Amino acid sequence: LKTLVVQIRDNAYPLFVGDRALPEAGVLLSSTGFSSAPIVITNETVMRIHGRALFRSLREGFGTPSRIIIGDGERFKNRATLSRIHDGMFEARADRHSWVVAFGGGVVGDIAGFAAATYMRGIRFVNVPTTLLAQVDSAIGGKVGINVPQGKNLVGAFHQPQAVLSDTTVLRSLPQREMAAGLYEVIKCAAIRSEPLLAFLENSVTGVLEHEPCALEHVVLETARIKSLIVAADEREKDIRMLLNFGHTIGHALEAATSYRRFKHGEAVAWGMVAALGVGAEAGLSEPDHCSRIVDLIHRVERLPSLNGISFDRVWSALQRDKKAYSGAVRMVLLRSIGEPEIRSDIEPSCLRRFVRRFLANGGRLG
Ligand SMILES: NC(=O)c1ccc[n+]([C@@H]2O[C@H](COP(=O)([O-])OP(=O)(O)OC[C@H]3O[C@@H](n4cnc5c(N)ncnc54)[C@H](O)[C@@H]3O)[C@@H](O)[C@H]2O)c1
């Protein structure tokens, strides 16, 4: 088991990563300063597969935890579920000293963290992420929230967890497509910050997808380290944290143009990274060797859902909406070379337009 200390302002909290983190949750969290039994918030799927291991360990450490089970899926990350969670917390007689364990993927982490941030003006919470995406990304950084009819994640808060506990063996039950979606986030972090992590992935991508314990532990720990350093430098997303949006501009537009049905978010970001590398190459900014290393790695993970039939007009109008959000210019994170990203809002609209049209027509092939 490895421990990393995440330091955000004057707050430091431990991140435990390893293949025995769940059975040791009781001991690890006692050492972090908790004493009463927590309220575990999870969904039915995660509860069914991994609930027993977590509850046994928490029971040994703290006595029997309360539990609140929510529905499985993004569509449950809403106000109705949030109210149900708050009601459950009142029923469990939670007070200002109580603490929450968010046990699940990014959906559970976001809504349970937000419930903790808002209950009695904020109580403590611990993240126990169970998807690769959550372990490397959403559980770290303190962004919590819900979706509203006006858009995704538009109601939320910054609320840092007291600890994050990532058990890499729970990922064995994760569908392969979810593993892949998380791995694209890993590739993104490597591309913007760490050539060694990218080189490691080039050698070990198969091992990671086949749950080789050392490879997986290394990848989760390193990506979490990168994400936590970026968040520590810029908790409120003023500048550096925006680099994490590499692949997001065109990725979001692809998601919107397909009504959020065709791609998992990570898959759309993967296509978005390929596109951003293409834009960078055309602008003469991106190092060609570095581009092709990243593109090749992305395509080794799994077969991405195709871009067939996606309407250029819909992608373009989604990009225009994005542009409005950033006062007039399409803003993209481009890559000079691995580890050297750059935020650009001076991309010539006619060039971008031509590029996106060709990118869609060529099914995502650059060249
Ligand atoms: N807060 C942040 O900084 C941040 C960052 C990125 C994404 N997010 C949010 O994260 C969410 C996506 O998270 P996600 O990709 O983890 O999706 P998810 O939480 O929906 O989990 C994916 C699926 O896997 C199941 N699952 C979870 N753990 C499992 C396991 N160990 N074995 C088998 N099945 C398991 C879940 O029940 C679900 O069906 C989105 O709502 C997104 O907005 C937040």
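Residues numbered from 1 in each chain as written. Predicted model: local features only at pLDDT ≥ 70, side-chain atom pairs only at ≥ 80, totals over all residues. Heavy atoms only, no water.

Enquirer: Please set out the side chain of Gln160 residue by residue, giving values where relevant.
Expert: Looking at the element boundaries, Gln160 is found in the loop between strand E8 (151-158) and strand E9 (163-167). The class for Gln160 is buried, based on a relative accessible area of 10%. A distance of 3.4 Å separates a polar atom in the side chain of Gln160 from the backbone nitrogen of Gly142. Apart from the residues lying within four places of it in its own chain, the contact partners of Gln160 are Ile8, Tyr13, Phe125, Gly141, Gly142, Val231 and Glu235. (Helix = DSSP H or I, 4+ residues; strand = E, 2+ residues; numbered from the N terminus. Buried < 20%, exposed > 50% of the residue type's maximum accessible area, 1.4 Å probe, protein only. Polar contact = N/O pair within 3.5 Å; in protein donor to acceptor, adjacent residues only side chain to side chain. Contact = heavy atoms within 4.5 Å.)

Enquirer: Explain the pattern of salt bridges to me, and be specific about the residues and the numbers.
Expert: Applying the stated rule across the entire model yields 15 salt bridges. Here Arg177 makes a salt bridge to Glu267, at a shortest N to O gap of 2.7 Å. Of the two residues, Arg177 is situated in helix H6 (residues 176-193) and Glu267 in helix H10 (residues 265-282); the sequence distance between them amounts to 90 residues. Of the residues examined, Arg177 reaches a relative accessible area of 36% and is grouped as partly exposed. One salt bridge connects Lys264 with Glu178, and the closest N-O pair in it is separated by 3.1 Å. A residue pair is termed long-range when its members are at least 10 positions apart, and Lys264 in the loop between helix H9 (248-257) and H10 and Glu178 in helix H6 qualify at 86 residues. The exposure class of Lys264 is partly exposed, given its relative accessible area of 27%. (Salt bridge = Lys/Arg side-chain N within 4 Å of Asp/Glu carboxyl O.)

Shape is all these values report; function is a separate question.
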